Amino acid sequence: MTSGTSSNPDDRFDSFYNEVKEIEKRDSVLTPKQQIERLLRPGATYRNLNPFDVLQVEPDTPLEEIKKKYRRLSILVHPDKNQDDPDRAQQAFEAVNKAWKTLESDDTRKKCMDIIEEAVGRTDLMLAEKRKKAKKEGKSGVPEDDPEKYKHAVYVLTMKLFADLERKRRDLAGRDMEERKRKREQEIEDEEKAKVEKEWQKNFEESRQNRVNSWQSFQAQGKNKTKKMKAFKPPKNKPESR
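Criteria and thresholds
- Residues numbered from 1 in each chain as written.
- Predicted model: local features only at pLDDT ≥ 70, side-chain atom pairs only at ≥ 80, totals over all residues.
- Heavy atoms only, no water.
- Helix = DSSP H or I, 4+ residues; strand = E, 2+ residues; numbered from the N terminus.
- Buried < 20%, exposed > 50% of the residue type's maximum accessible area, 1.4 Å probe, protein only.
- Contact = heavy atoms within 4.5 Å.
- Core = buried A, V, L, I, M, F, W, Y, C linked by side-chain atoms within 4.5 Å.
- Axes fitted to C-alpha atoms, helices over the stretch in contact; angles between N-to-C directions.
- Parallel < 35°, antiparallel > 145°, perpendicular 65-115°, else oblique.
- Left-handed = near helix turned anticlockwise from the far one by under 90°.
- Nonpolar A, V, L, I, M, F, W, Y, C, P; charged D, E, K, R; others polar.
- Expected span 1.5 Å × (residues − 1).
- Arc of directions from axis to C-beta.

### Structural notes on the environment of L161
When you line up the elements, L161 lands in helix α8 (residues 147-231). Taking relative accessible area as the criterion, L161 reaches 8% and is therefore assigned buried. For the pair formed by L161 and Y46, sequence separation is 115 residues and the distance between their alpha carbons is 10.0 Å. When neighbours within four sequence positions are excluded, L161 is seen to be in contact with I115, E118, A119 and R122.

This is the structure:
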């Protein structure tokens, strides 16, 4: 085989995984600029959903140790420390803060741990199927039998689960926003109808009173004419003088 890209899937996986490990090793001692790049690199929108990944800590790390890592990272990427690139530093700083707020709360940290536990369980099921297939093909095992490769498989699935959860959250938020918008539009429509009805009722009451007043005035005028007619006495005829 020539020294180009290997056609063996396991070799390609090993190459990819070694590259990932090198990146992780480099990330652990990143400068402020490099940390900002790490937190804003392509795919960061979904990568940063995993607070453990943002703060570069293992899920079983004690909270006090996570807090120390958070403080170090927040100082490194703080906009005041990166005045040559304050906007990007602010984005990175917000990602670090959000990750810490998520892990600081018992409730949200538990939800994150539930996702990781699900990733572990699903990875184990997937590997059980892969081992059965490998055994049928006469192979002795699978690449993920290596602890580091197994860990990476869990990491990849964890990221996917966080992304799926975020998409569901956005869908629910979108539907909720649409529902609130629809309700508000209906409220405005009802308010307008009520306003028109109230105005119509007001005008009707005013016009009815005017009609009543006009009728009363008409009746009063009729009575006055009748009185005048009754009071009128024709002149008496005088006898003609001869």
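Don't stop here, the text continues.
### Let's talk about the nonpolar core
Judged by nonpolar contacts, the single largest core of 26 residues is most densely connected at L39, F52, V54, L55, I66, V77 and V96. Going through the elements one at a time, α2 (32-40), α4 (51-55), α5 (63-77), α6 (86-104), α7 (106-136) and α8 are the ones with two or more residues in this core. By residue number, the principal contributor to this core is α6, which donates seven residues. Once residues within four sequence positions are removed from consideration, L39 is found in contact with A44, N48, V54, V77, A92 and V96.

### Re the packing of α2 against α6
Close contact between α2 and α6 brings their axes to 9 Å; oriented N to C, the two are set at 70 degrees. In terms of their interaxial angle, α2 and α6 are classed as roughly perpendicular. Once α2 is placed against α6, the crossing between them reads as left-handed. Where α2 approaches α6, its residues I36, E37, L39 and L40 are matched on the opposing element by R88, A89, Q91, A92 and V96. Residue classes in the contact of α2 with α6 are distributed as six nonpolar, one polar and two charged.

### A look at the packing of α5 against α6
Interaxial distance between α5 and α6 falls to 9 Å at its minimum, and their mutual angle equals 170 degrees. With respect to α6, the element α5 is oriented roughly antiparallel. Counting all contacts with α5, which are made through L63, I66, K67, Y70, L73, S74 and V77, the residues of α6 involved are A89, A92, F93, V96, N97, W100, L103 and E104. Tallied by class, residues from the contact of α5 with α6 come to 11 nonpolar, two polar and two charged.

### Observations regarding α6
Look at α6: 26 Å from first C-alpha to last across 19 residues, which is about the 27 Å you get at 1.5 Å a residue. Burial in α6 covers these residues: A89, A92, F93, A95, V96, A99, W100 and L103. Buried positions in α6, seen along its axis, are confined to an arc of 155 degrees and lie on one side of it. Among the exposed residues of α6, those pointing more than 90 degrees away from its buried face are D87, K98 and K101.

Keep in mind these values describe shape, not function.
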